[in-house]
Amino acid sequence: RGARPAARAHGELRSLREGDFSKARKRLEPKPLSIERTKGSEILFGIAPCALALSQSRRDLFRLFLKQSSGSRQLVTSEFVLQATARGVPVHHVKRRELDALCRGRVHQGVCLEATPLRFKSLEEAEKPNSGDEENPNRQLIWLVLEQIQDPMNLGALLRSAYFLGVDRVVTSQRNSCPLTPTVSKASSGAMEVFDIYSTDDLRSFLKAKTAEGWEVVGTVSKAEDVENVPVISCLEFRWNKPVILVIGSEGDGLSLETQLLCHRMLAIPPGRALHPGIESLNVSVATGILLHSICSQKLRHSD
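Residues numbered from 1 in each chain as written. Predicted model: local features only at pLDDT ≥ 70, side-chain atom pairs only at ≥ 80, totals over all residues. Heavy atoms only, no water.

K.L.:
Break down the sheet that holds strand β4 (residues 111-115) for me, with residues and values.
P.N.:
One open sheet accounts for 4 strands, arranged β1-β4-β2-β3; its pairing is mixed. The sheet terminates laterally at β1 (42-45) and β3 (91-94), the two strands that pair on one side only. For this sheet, the mean angle separating the axes of adjacent strands, direction not counted, is 25°. With 4 bridges connecting them, strand β2 (residues 61-67) and β3 associate as parallel partners. If you follow F65 over to β3, its bridge partner there is H92. Contacts between helix α2 (residues 47-55) and the sheet are confined to β1, β2 and β4, with β4 contributing the most and set at about 45° to the helix. (Pairing = 2+ DSSP bridges. Helix = DSSP H or I, 4+ residues; strand = E, 2+ residues; numbered from the N terminus. Axes fitted to C-alpha atoms, helices over the stretch in contact; angles between N-to-C directions. Contact = heavy atoms within 4.5 Å.)

K.L.:
Before we move on, could you go through the pairing of strand β8 (residues 197-200) and cite the residues and values that matter?
P.N.:
Of the two faces of β8, the one carrying I197 and S199 and the one carrying Y198 and T200 are both buried. Note: strand β5 (residues 121-122) against β8, 2 bridges, orientation parallel. Bridged to S122 within β8 is S199. Sheet topology note: the strand β7 (residues 169-173)/β8 ladder contains 4 bridges and is parallel. (Buried < 20%, exposed > 50% of the residue type's maximum accessible area, 1.4 Å probe, protein only.)

K.L.:
Give a description of the side chain of Q148 that names residues and reports values.
P.N.:
Structurally, Q148 can be placed in the loop between β6 (142-146) and α6 (152-165). Judged by relative accessible area, Q148 falls into the buried class, the value being 18%. Every residue in contact with Q148, bar those within four places of it in the chain, is listed here: S173, R175, N176, S177, S250 and E251.

K.L.:
Can you break down the sheet that holds strand β12 (residues 265-268) residue by residue, with the values?
P.N.:
Spatially, β5-β8-β7-β6-β11-β9-β12-β10 is the arrangement adopted by the 8 strands of the open sheet, whose pairing is parallel. Here the strands that pair on one side only, and so sit at the sheet edges, are β5 and β10 (232-234). As judged from the 3 bridges shared by strand β9 (residues 216-220) and strand β11 (residues 244-248), these two strands associate in the parallel manner. The residue of β11 that forms the bridge with E216 is V244. Running over the sheet, α6 touches β6, β7 and β8 and is turned about 175° from β6.

This is how it looks when you write it as structure tokens:
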């Protein structure tokens, strides 16, 4: 009987010792680097956004943070160091957890960059002809207009597709739209760093003005029965024979009724099968990619 209390006392003593060791270990562990942020700065994260931000002159750059690494990552690290040195940007080699803290746990791929935010450009700047392109009657122009896109992942994916497929301008509505955040840049795979994005606080006046200039405004819809007073055609039937604006609506509600009524036509993507209720539509960025490809694949290739 006397053995049991002794064994219990021994176990309690051992757990106390383990607790003391654990506390001592935590005291000895180095605390994460506390980084004082420059006022008005933000933290870009990911290889593509940081590399493109370094290569462009669109942001003020403060500090580059790289994960302490060896082996295959050293080549990536050395490229970043060269880029940063060329721009006069200080480089800090830090532990992974410090990078995690800088970008709040997002996927940074071992790279963070402290920089000023990017802002939308005003539409007045967009109206200026670019190298005579808009004065060339043979030039096929396509602008992508986004009405109240709120998800930064969707906005980034939209910008990536627009850049890849050759969209000339992207214009967003100011109201209820996502700003140009580091998450948008990451989701765009850095396209946001090289592609000017414009914004307007009066989307309807803008669309009316472009219509008066001879542009065709086309909207998007999942089902033809959702639209009244505007003809709906399959995107496969659309013919690009004048400057065109493709208008994309918000993730939940699509285009507002007022914007729909300013469209000359609405485009729908024909499904490849009979669809179950509840999964009858596509993600907004996926749908936009399909529609843009359907239009942009018609772009004339001039021999000159």
